[in-house]
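Working through the structure, step by step
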Amino acid sequence: MHSIDDNYPSDMKGKCPKDSEIEMTELVLPNDTNLLGNLLGGRLMHWMDLAAAMAATRHSKQTVATVALDSLEFRHPARMGELVRLHAKLTWVGKTSLEVKVKVYAENMKTGSVIMTNKAYLTFVALGDNGKPVAVPPLIPETEEEKKDFAEAETRRCERLKRKNRDIECE
Ligand SMILES: CC(C)(COP(=O)(O)OP(=O)(O)OC[C@H]1O[C@@H](n2cnc3c(N)ncnc32)[C@H](O)[C@@H]1OP(=O)(O)O)[C@@H](O)C(=O)NCCC(=O)NCCS
């Protein structure tokens, strides 16, 4: 366990999820696809990690490290030539950790169809210049959906920490 850095950020006022949300758009190019012309899962995970990390950084104003990615299902493929639209928004904040929900949509620019392909929750830890966890501003959920996400995040966090501790016991 790391001790919390004494060097807390000065701006510790609570912030709303909308203050840090991120919209990111990528075009699926041939180099991003498998032999069927569908977006590679690994490439999509990379984009999701980036979008979520940008939201977490915007909120915390710190460098963040990914510590967990909840189960990820690929519901629909995104095809070569389509746009992949990622929407990342904070759902919960602890003392030094932050949970971000990322929703992914595939848009066919020719037909105008938009389909949700994925959703995942990623957890980050804010790190100070010395690489140790550092406190982050609280999150103030505003809408009904944000309040629901915030409440449900406690359960998800509990499950993650149980998994983490179980992994440590297995070593
Ligand atoms: C980030 C890191 C320095 C944190 O160290 P640590 O010893 O786990 O730190 P702590 O136990 O003090 O936990 C810090 C916070 O992270 C949370 N956390 C740690 N592991 C977690 C996990 N697997 N799931 C959810 N939360 C986790 C803790 O609950 C705590 O949250 P809180 O301060 O909001 O209560 C360390 O886990 C690490 O280096 N991990 C690798 C990160 C990495 O390389 N990522 C990929 C590239 S970015």
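For the structure, see preceding data.
This write-up is about the structure you can find in this document.

Thresholds applied
- Residues numbered from 1 in each chain as written.
- Predicted model: local features only at pLDDT ≥ 70, side-chain atom pairs only at ≥ 80, totals over all residues.
- Heavy atoms only, no water.
- Helix = DSSP H or I, 4+ residues; strand = E, 2+ residues; numbered from the N terminus.
- Polar contact = N/O pair within 3.5 Å; in protein donor to acceptor, adjacent residues only side chain to side chain.
- Contact = heavy atoms within 4.5 Å.
- Phe/Tyr/Trp six-rings, centres within 6.5 Å; stacked < 30°, edge-to-face > 60°.
- Lys NZ or Arg CZ within 6 Å of the ring centre and 35° of its normal.
- Core = buried A, V, L, I, M, F, W, Y, C linked by side-chain atoms within 4.5 Å.
- Buried < 20%, exposed > 50% of the residue type's maximum accessible area, 1.4 Å probe, protein only.

Moving on: the side chain of Arg156. Tracing the backbone through its elements, the reader meets Arg156 in helix α2 (residues 144–170). At 3.3 Å, the side chain of Arg156 and the backbone oxygen of Asp149 are in polar contact. With sequence-adjacent residues up to four places away left out, Arg156 is seen in contact with Asp70, Thr91, Glu99, Tyr121 and Asp149.

Another point: the packing of aromatic side chains. All told, the structure shown has zero aromatic pairs when counted by the stated rule. The positively charged end of Arg156 is found above the aromatic ring belonging to Tyr121, 3.7 Å away from the centroid.

Let us look at unusual backbone geometry. Despite not being glycine, Lys61 has its phi angle at roughly 60 degrees, a positive value. Mapped onto the elements of the fold, Lys61 is located in the loop between α1 (41–60) and β2 (63–69).

Ranked by internal contacts, the top residues of the largest apolar core, which has 32 residues, are Met48, Val84, Leu86, Leu98, Val100, Val102 and Phe124. Every element with two or more residues in this core is listed here: β1 (22–27), α1, β3 (83–93), β4 (97–107) and β5 (114–127). For this core, the leading source of residues is α1, giving eight residues. If we ignore the near neighbours within four places in the chain, the residues touching Phe124 are Asp49, Ala52, Ala53, Ala56, Val64, Ala65, Thr66, Val67, Thr96, Ser97, Leu98 and Val100.

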